[in-house]
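Residue-level structural notes
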Amino acid sequence: MHLAEFNIGTLKYDWEDPRVADFLNNLDRVYDIARRSPGYVWHLEGDEMEAAQLDPNGPLGGNPRTASTLSVWKDVESLHAFTFNTVHKQFYDRKGEWYDPDQGLRFVMWWVPEGHIPTIKEAIDRFHHLENHGNTDFAFGWDHLPH
């Protein structure tokens with residue numbers, strides 16, 4: 001099994017706002033590092049993700065300030081290493097500059113069969129499951145994993 005992850009948030013400011021520029025201008029850099037990271041399998045690319053985020057009839061609701069990522073990793077260790085041991089961590093630590101800290105849940109993981117590419121619908125369903133039921137084997141956060 002591989003590990004899928006989905007994170008979603010609503011930016012405090014519009015994408016064009018200068019206060020979001022450092023975040024926006026480093027997305028490609030962070031994604032390039034992810035692609036080169038051991039254990040990386042796949043992520044939903046920019047144009048497809050943007051279309052999913054902006055679709056008013058889609059599962060993400062069409063808010064133009066939505067920022068999200070959907071990716072697949074070979075295992076927890078690979079995702080953890082990328083998240084906390086690469087330049088990604090520098091931006092993760094600055095999330096309060098770009099996102100309201102009171103947004104609540106913003107991240108979910110789940111297991112997928114090797115070769116499975118999750119959809120946005122699948123991701124948001126897992127996200128809502130975690131939100132409504134807490135950690136289960138169906139949808140979970142970091143604190144559900146053995147240390």
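Everything in this summary refers to the structure shown in the same document. (Residues numbered from 1 in each chain as written. Predicted model: local features only at pLDDT ≥ 70, side-chain atom pairs only at ≥ 80, totals over all residues. Heavy atoms only, no water.)

1. Here we look at the pattern of salt bridges
The final tally for this structure, using the stated rule, is eight salt bridges. In this structure, R94 engages D22 in a salt bridge whose closest nitrogen and oxygen atoms are separated by 2.4 Å. Residue R94 is located in the loop between helix 5 (88-92) and helix 6 (95-98), and its partner D22 is located in helix 1 (residues 21-25); the two are separated by 72 residues in the primary sequence. One salt bridge in this structure joins K121 and D125, with 2.8 Å as the shortest N-O distance. Separated by four residues within a single helix, K121 and D125 lie in helix 7 (residues 120-133), roughly one turn from each other. With a relative accessible area of 35%, D125 lands in the partly exposed category. Several salt bridges converge on common partners, so that one network encompasses D22, R94 and E97. (Salt bridge = Lys/Arg side-chain N within 4 Å of Asp/Glu carboxyl O. Helix = DSSP H or I, 4+ residues; strand = E, 2+ residues; numbered from the N terminus. Buried < 20%, exposed > 50% of the residue type's maximum accessible area, 1.4 Å probe, protein only.)

2. Overview of the pairing of strand 1 (residues 2-10)
In terms of burial, strand 1 is largely enclosed, as seven of its nine residues are buried. Bridging between strand 1 and strand 4 (residues 107-112) involves six bridges; their strand directions are antiparallel. Looking across to strand 4, one finds that N7 is bridged to F107. Across eight bridges, strand 1 lies against strand 3 (residues 66-73) in antiparallel orientation. (Pairing = 2+ DSSP bridges.)

3. Here's the deal with the environment of A139
Structurally, the position occupied by A139 is in the segment after helix 7. Residue class for A139 comes out buried when judged on its relative accessible area of 0%. Taking the C-alpha atoms as reference points, A139 and M109, 30 residues apart in sequence, are found 5.8 Å from one another. Not counting residues up to four positions away in its chain, the partners in contact with A139 are V108, M109, R126, H129, L130 and G134. (Contact = heavy atoms within 4.5 Å.)

Just distances and angles here, no functional claims.
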